[in-house]
Amino acid sequence: TYKFDGPLDLRMNPQKGESAAQRLKSMDAEEIEGMLVENSDEPYAAEITEVLMNWRKHGKSPETTTELKEAIEEALTFLQEKKEAVKKSCQRTFQALRIDVNQEFEVLYAFLDKLPQVMNPGGRIAILTFHSGEDRLVKRAFKEGKKAGIYSEICKDVIRPSAQECARNPRAKCTKMRWAII
């Protein structure tokens with residue numbers, strides 16, 4: 001349950017760029033659905049997008065976190081076990097919007113592009129990711145870097161935390177680590 005009903009902002013730097021509410025208003029249906037899929041693997045992206053576009057046709061758009069949750073609830077009315085699905089879809093939708101508004105993937109792309117230039121030969125890189133979108137970018141960058149001869153070695157498989165580590169730190173459960181050697 002969401003106890004805070006604040007403005008739909010999500011910017012890391014509130015003085016810079018559009019808020020999430022503004023961003024949602026400026027996007028067309030294809031952009032919204034693509035953002036939900038690309039940034040958070042949202043399985044109900046089409047349904048959520050449809051509701052948001054329907055709201056827009058009626059002069060309404062989510063301005064608060066609670067209103068966005070209401071749109072997601074409306075989109076998932078067809079589900080039998082709705083409560084948990086709504087919770088997870090809210091988490092993924094807020095994640096997708098946060099990534100979009102803060103241009104997090106663009107920042108990660110730039111970091112991965114410049115990283116080899118600041119490393120010494122034989123230098124070791126380890127990157128922790130916290131969701132599949134980030135992991136895909138890191139995996140792709142390391143594979144392309146290996147193919148181009150930038151990296152001498154990259155991890156073959158993602159490294160995940162052990163059960164003991166997750167028991168000590170439940171937030172570690174979603175992390176993945178990949179490494180490369182220059």
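Quantities reported herein were computed from a predicted structural model and do not represent experimental measurements.

Engineer: How do you make sense of the confidence of the model for the protein chain when you look at a structure like this?
Structural biologist: When pLDDT is low, close inspection of the predicted coordinates is not appropriate. Confidence in the prediction of the protein chain, expressed as mean pLDDT, is 92, and 96% of residues score 70 or more. Of all the helices and strands in the protein chain, helix α1 (residues 20-26) carries the lowest mean pLDDT, 92, while helix α3 (residues 45-57) carries the highest, 98.

Engineer: Would you explain empty space enclosed by the protein in this entry?
Structural biologist: Take a probe with the size of a water molecule and roll it over the atoms, and the empty space left behind shows itself. Scanning the model with the defined rule gives 1 cavity of 30 Å³ or more in all. Every residue along the wall of the largest cavity is listed here: Leu24, Lys25, Ile32, Leu52, Arg56, Ser61 and Pro62. Elements supplying a minimum of two residues to the lining of the largest cavity: α1 and α3.

Engineer: How do you make sense of the pairing of strand β1 (residues 124-129) when you look at a structure like this?
Structural biologist: Every other side chain in a regular strand lies on the same face of the sheet, so the side chains alternate between the two faces. Residues Ile125, Ile127 and Thr129 point to one face of β1 and are all buried, whereas Arg124, Ala126 and Leu128, pointing to the other face, are not buried. One ladder, built from 6 bridges, connects β1 with strand β3 (residues 176-181); its direction is antiparallel. Bridging across to β3, Ile125 finds its partner in Ala180.

Engineer: Sorry, what's going on with the nonpolar core here?
Structural biologist: Nonpolar side chains in soluble globular proteins tend to end up buried together. In terms of nonpolar packing, the biggest core is built from 27 residues, with Leu8, Leu24, Ile32, Leu36, Leu52, Leu68 and Ile72 touching the most fellow members. When residues of this core are traced back to their parent elements, those giving at least two are α1, α2 (29-40), α3, α4 (65-75) and α5 (82-101). No other element matches the 7 residues that α5 contributes to this core. Core analysis: the second largest hydrophobic core is formed by 14 residues, Leu137, Phe142, Ala180 and Ile182 among them.

Reading the values: the criteria
Residues numbered from 1 in each chain as written. Predicted model: local features only at pLDDT ≥ 70, side-chain atom pairs only at ≥ 80, totals over all residues. Heavy atoms only, no water. pLDDT = per-residue confidence, 0-100. Helix = DSSP H or I, 4+ residues; strand = E, 2+ residues; numbered from the N terminus. 1 Å grid on protein atoms, 1.4 Å probe; cavity = no way out; pocket = protein on both sides within 12 Å on 5 of 7 lines; lining within 4 Å. Points joined across faces, edges and corners; volume = space filled by probe spheres on them. Buried < 20%, exposed > 50% of the residue type's maximum accessible area, 1.4 Å probe, protein only. Pairing = 2+ DSSP bridges. Core = buried A, V, L, I, M, F, W, Y, C linked by side-chain atoms within 4.5 Å.

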